[in-house]
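# Coordinates in review
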Amino acid sequence: MTDSLKIYTVASYTHRHTVWLFQARLAAEAGVVVLDWTEDAPALSLPVSERRALLNAGTSCVVADQREAACVAADLMVYLGDSGKDTAVQVGMAKAVGTPVLGVPGPLENVGLMLLNAVSLWVDGPEDALDVIVQISRCRRHGEPERPCASCHAERVCCLVH
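Reading guide: rules and limits
Going along each chain's sequence as written, the residues are numbered from 1 onward. Where local features are concerned, this predicted model is filtered to residues with pLDDT of at least 70; where side-chain atom pairs are given and counted, the filter is 80 or more; whole-chain, interface and lining totals use all residues. Each side-chain value is worked out from all heavy atoms of the structure, with water and hydrogens disregarded. By convention, a stacked pair of Phe, Tyr or Trp rings (six-membered ring in the case of Trp) has centres within 6.5 Å and planes under 30 degrees apart, an edge-to-face pair has planes over 60 apart, and any other such pair is tilted. In this description a helix means any DSSP run of H or I spanning at least four residues, a strand means any run of E spanning at least two, and both kinds are numbered starting from the N terminus. Exposure classes here rest on a 1.4 Å probe applied to the protein chains alone. A residue is buried below 20% of its type maximum, exposed above 50%, and partly exposed in between. The convention used is that axes are lines fitted to C-alpha atoms, helices contributing only their stretch in contact, and that angles between N-to-C directions extend from 0 to 180 degrees. When describing relative orientation, an angle under 35 degrees is termed roughly parallel and one over 145 degrees roughly antiparallel, while 65 to 115 degrees is termed roughly perpendicular and anything else oblique. What makes a crossing left-handed is the near helix being turned counterclockwise from the far one by less than a right angle; a clockwise turn instead makes it right-handed. Residue contacts follow a heavy-atom distance rule, with two residues in contact if any of their heavy atoms lie within 4.5 Å. Only Asp, Glu, Lys and Arg are considered charged, only Ala, Val, Leu, Ile, Met, Phe, Trp, Tyr, Cys and Pro nonpolar, and every remaining residue, Gly among them, polar. Every case where a carboxyl oxygen of Asp or Glu lies within 4 Å of a side-chain nitrogen of Lys or Arg is listed as a salt bridge. Any N or O atom pair separated by 3.5 Å or less is treated as a polar contact, with the protein-specific requirement of one donor-capable and one acceptor-capable atom, and with residues adjacent in sequence counted only for side-chain atom pairs. The directions considered for the arc run from the helix axis to the C-beta atoms.

### Some details on the packing of aromatic side chains
Aromatic ring pairs are defined here through the distance separating the ring centres and the angle between the ring planes. A complete count under the given rule lists 1 aromatic pair for this structure. For the ring pair Tyr79 and Trp122, a centre distance of 5.9 Å and an interplane angle of 80° mean the geometry is edge-to-face. Of the two residues, Tyr79 sits in strand 3 (residues 76-80) while Trp122 sits in strand 5 (residues 121-122), which places them 43 residues apart along the sequence. By relative accessible area, which is 0% here, Tyr79 ends up buried.

Encoded structure:
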């Protein structure tokens, strides 16, 4: 049996609740290890102006070195859109180090060409992303796929293939 799949979910700070919900489902349904940046983000109990100041100053956010380390440590990155420049940079970091990226575009997001091509596999929504991750996790835990890899819908982001 191999170690657990490590997932790093990147999204805009404004999608923090969505990230929490997604990560909770990942842990419950796929049994993965979550690499979480939200613990270091400013507390939601702070007034918006203070949170914005902390985010802009970078004093309460995960610094670039920590994000880069998460991109390297992850077996898979999940992009939850519509997200900004910092998130796109992290997708680029993951691509540069060979970490596959599973993308979920925002409902009204017009994905740019660079982001479009940096993501290994695009799916329609979080439920589809969960299905892909559950399949990869199941294969990783059991050492062999439930079905042949050639017909697996997770092949483009599977760390067992790459």
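### A word on the packing of helix 3 (residues 64-73) against helix 4 (residues 85-97)
Remark: helix 3 packs on helix 4, axes separated minimally by 9 Å, with the N-to-C direction vectors making an angle of 45°. In terms of orientation, helix 3 lies oblique with respect to helix 4. With respect to the hand of their crossing, helix 3 and helix 4 are arranged in right-handed fashion. Residues Ala64, Arg67, Glu68, Cys71 and Val72 of helix 3 form the contact with helix 4, whose participating residues are Asp86, Gln90, Met93, Ala94 and Val97. Across the contact of helix 3 with helix 4, the residue classes break down as 6 nonpolar, 1 polar and 3 charged.

### Notes on the pattern of salt bridges
Any two side chains of opposite charge can pair if their charged atoms end up close together. Tallied over the full model, the rule gives 3 salt bridges. Lys6 is the partner of Asp75 in a salt bridge, and the nearest nitrogen-oxygen pair spans 3.6 Å. Of the two residues, Asp75 sits in the loop between helix 3 and strand 3 while Lys6 sits in strand 1 (residues 6-11), which places them 69 residues apart along the sequence. We classify Lys6 as partly exposed; its relative accessible area is 21%.

### Things to note about the side chain of Ser83
Take Ser83: it is sitting in the loop between strand 3 and helix 4. In this structure the side chain of Ser83 is engaged in a polar contact, spanning 2.9 Å, whose partner is the backbone nitrogen of Ser12.

### A look at the environment of Arg140
Residue placement: Arg140 occurs in helix 6 (residues 126-142). Residues Arg140 and Ser4, 136 residues apart in the sequence, show an inter-C-alpha distance of 7.7 Å.

### Some details on helix 3
Every buried residue of helix 3 is listed here: Arg67, Ala70 and Cys71. Viewed end-on, helix 3 has its buried residues packed into an arc of 100°, placing them on one side of the element. Exposed and oriented more than 90 degrees from the buried face of helix 3 are Asp65 and Val72. Lining the buried residues of helix 3 we find strand 1, strand 2 (33-35), strand 3 and helix 4.

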